Structures are given as C-alpha cells and as structure tokens.
Amino acid sequence: MPDYLPDTNLFRYMDNNDVASYKQAAQAFFSQAQKEVAEGRSIILLSEEV
C-alpha cells in the first residue's frame, strides 16, 4: 500500500495566491490521494510539525 508524506512547505505554498499553477497541482494531488485513502488503497502521513 503506498503512503504519502507531504513536505511541510506544500501547505505554505497552497496558501500563496501568487503561485496558481503550483496550487492547482497540489490540489490535484490531494484530491487523488484523498480518493485513494477513501478506497483504502493508500495512507497520508503528516509530520509532527504540521
């Protein structure tokens, strides 16, 4: 089963309106990852600092 451990910088960039293409890619990743988690095919891990 795949697991994802997103870099903490990802969350900061998702809130920055100046980088629309990066934000779009991050949102697409999380949409797909959330779908996989809901189907029981992967897990998302978060570091303690997040």
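Up top you'll find the structure we're talking about.
Report follows, based on the coordinates. (Residues numbered from 1 in each chain as written. Predicted model: local features only at pLDDT ≥ 70, side-chain atom pairs only at ≥ 80, totals over all residues. Heavy atoms only, no water.)

### Quick notes on the overall build of the protein chain
Consideration 1: Within the protein chain one finds two helices and two strands.
Consideration 2: Put simply, the protein chain has 50 residues, and 16% of those count as buried.
Consideration 3: Long-range contacts, defined here as pairs at least 24 residues apart, represent 61% of the contacts in the protein chain between residues at least 6 apart.
Consideration 4: Entry remark: accessible area of the protein chain is about 3900 Å², with carbon and sulfur atoms responsible for 50%. (Helix = DSSP H or I, 4+ residues; strand = E, 2+ residues; numbered from the N terminus. Buried < 20%, exposed > 50% of the residue type's maximum accessible area, 1.4 Å probe, protein only. Contact = heavy atoms within 4.5 Å. Areas by Shrake-Rupley, 256 points an atom, 1.4 Å probe, with all protein chains shown as cover.)

### Structural notes on the packing of aromatic side chains
Consideration 1: Using the criterion set out here, one finds two aromatic pairs in the structure.
Consideration 2: With centroids separated by 5.2 Å and ring planes inclined at 85°, the aromatic side chains of Y4 and F29 adopt a geometry described as edge-to-face. Taken together, the positions of Y4 in strand 1 (residues 3-4) and F29 in helix 2 (residues 20-38) put the pair 25 residues apart, joining distant regions of the chain.
Consideration 3: Look at Y4 and you get partly exposed, because its relative accessible area is 22%.
Consideration 4: Classification of F29 as partly exposed rests on a relative accessible area of 31%.
Consideration 5: When the ring of F29 is compared with that of F30, the centres are 5.1 Å apart and the planes differ by 75°; the resulting orientation is edge-to-face.
Consideration 6: Every member of this aromatic cluster is reached through a ring pair, and the members are Y4, F29 and F30. (Phe/Tyr/Trp six-rings, centres within 6.5 Å; stacked < 30°, edge-to-face > 60°.)

### Quick notes on a nonpolar patch on the surface
Consideration 1: Residues M1, L5, I43 and L45 make up a contiguous nonpolar surface patch of roughly 410 Å² in combined accessible area.
Consideration 2: With respect to the helices and strands, the residue M1 is situated in the segment before strand 1. (Patch = residues over 30% accessible without salt bridge, like charges linked within 9 Å, V, L, I, M, F, W, Y side chains within 5 Å. Salt bridge = Lys/Arg side-chain N within 4 Å of Asp/Glu carboxyl O.)

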